[in-house]
Structure formats: C-alpha cells, structure tokens
Amino acid sequence: MQAFRKAVEANDHDAIEALLAENVVFTSPVAFRPYPGKAITAAILRGVSRVFEDFRYVREITSADGRDHALVFVARVGDREINGCDFLHLDEDGLIDDFTVMVRPLSGAEALSAAMGAQFERIREEVAGA
C-alpha cells in the first residue's frame, strides 16, 4: 500500500492514522492479545517510530485484488537488527482494518518487546487523550 508506506517513510503520523479504519485490529509480534481500535493502533505505531532506528521498507507484496499487502522491513532496536513484515488488510473503503506485525530474530523481538514495554505508559496516555 503505497500511501501507508510513504506516510511511514515520511514519519507522518497524521497520514498514517488517516489510513486506519475505526475498527482496525493491531496484532503485535510481542503481545499475546491483539489491540482493537484506531486510537490504540495509532498510538502503538507512534511508539514504534520512537523505538525503531534506521527503519526502511525493502519489499512490498500485494494480493491480486489489492486488499492484502505485505511490507517487508529492516530496522534496529539498540544494537539488535530486526527483519520484519507488516501484513495489512484493507476494508471495502480502502482503510486498514487488520494490521499484523511479525519480526525476527528472537533477540530482535526481545529487544523490541523491552523497548515497547518502556513506551506503554506514554501510549496509554496518548490513547486517553485521544
């Protein structure tokens, strides 16, 4: 999804949030339960942008009907390299209604988990203020 990719690469959080459906469900690579809703998803994505360094997408795969996208990325968290993929599904209005992230290796996922854990108080505050 070019609009999402461009918004992420420009660090444009308003544009990212505008592409999320109200009922979007975010599934984290390091949390057991998914996070339902636009406000929490947008806040998590802002938190991720504060944690990831040298983030860049390296490949995009799109389904034949254009509603499913896989955006492969590389990044760092501290001294740990991460390879990952954002899996996006678009609703009938072209908004992201399902957002799943997977990362590897385990050491990178552990570093991401710790870094995002440190962000979660701020994320909760952002959601409460939304």
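Here the structure is shown first, and the text comes after it.
Residues numbered from 1 in each chain as written. Predicted model: local features only at pLDDT ≥ 70, side-chain atom pairs only at ≥ 80, totals over all residues. Heavy atoms only, no water.

**Some details on the pairing of strand S4 (residues 68-77)**
Next up, step 1: Among the ten residues that make up S4, eight are buried, leaving the element largely enclosed by the rest of the structure.
Next up, step 2: The pairing of strand S3 (residues 53-62) with S4 spans seven bridges and is antiparallel. If you follow Glu60 over to S4, its bridge partner there is Leu71.
Next up, step 3: Here S3 hands over to S4 after five residues, with Gly66 in that stretch at a positive phi of 75 degrees.
Next up, step 4: Note: S4 against strand S5 (residues 80-90), ten bridges, orientation antiparallel. (Buried < 20%, exposed > 50% of the residue type's maximum accessible area, 1.4 Å probe, protein only. Helix = DSSP H or I, 4+ residues; strand = E, 2+ residues; numbered from the N terminus. Pairing = 2+ DSSP bridges.)

**Brief notes about the side chain of Arg5**
Next up, step 1: Relative to the elements of secondary structure, Arg5 occurs in helix H1 (residues 2-9).
Next up, step 2: Residue classification places Arg5 among the buried positions, given a relative accessible area of 17%.
Next up, step 3: Every residue in contact with Arg5, bar those within four places of it in the chain, is listed here: Tyr57, Val58, Arg59 and Glu60. (Contact = heavy atoms within 4.5 Å.)

**Remarks on the pattern of salt bridges**
Next up, step 1: Applying the stated criterion across every chain yields a total of eleven salt bridges.
Next up, step 2: Residue Arg67 pairs with Glu92 through a salt bridge whose shortest N-O separation is 3.8 Å. Note that Arg67 is positioned in the loop between S3 and S4 and Glu92 in the loop between S5 and strand S6 (96-104), a separation of 25 residues in sequence.
Next up, step 3: Residue class for Arg67 comes out partly exposed when judged on its relative accessible area of 30%. (Salt bridge = Lys/Arg side-chain N within 4 Å of Asp/Glu carboxyl O.)

**Side note on the packing of helix H3 (residues 38-51) against helix H4 (residues 106-129)**
Next up, step 1: The geometry of H3 relative to H4 is characterised by a closest axis approach of 9 Å and an angle of 135 degrees between their N-to-C directions. The orientation of H3 relative to H4 falls into the category oblique. For the pair H3 and H4, the crossing hand works out as right-handed. Between H3 and H4, the contacting residues are Ala39, Ile40, Ala43, Ile44, Arg46, Gly47, Val48, Arg50 and Val51 on the first element and Leu112, Ala115, Met116, Gln119, Phe120, Arg122, Ile123, Glu126 and Val127 on the second. (Axes fitted to C-alpha atoms, helices over the stretch in contact; angles between N-to-C directions. Parallel < 35°, antiparallel > 145°, perpendicular 65-115°, else oblique. Left-handed = near helix turned anticlockwise from the far one by under 90°.)

**A closer look at H1**
Next up, step 1: For H1, the set of buried residues is Phe4, Arg5, Ala7 and Val8. The buried side chains of H1 occupy one side of the element, clustering within an arc of 165 degrees when seen end-on.
Next up, step 2: Contact partners of the buried residues in H1: helix H2 (13-18), S3, S4, S5 and S6.
Next up, step 3: Once H1 ends, the next one or two residues include Asn11, with phi positive near 55 degrees. (Arc of directions from axis to C-beta.)

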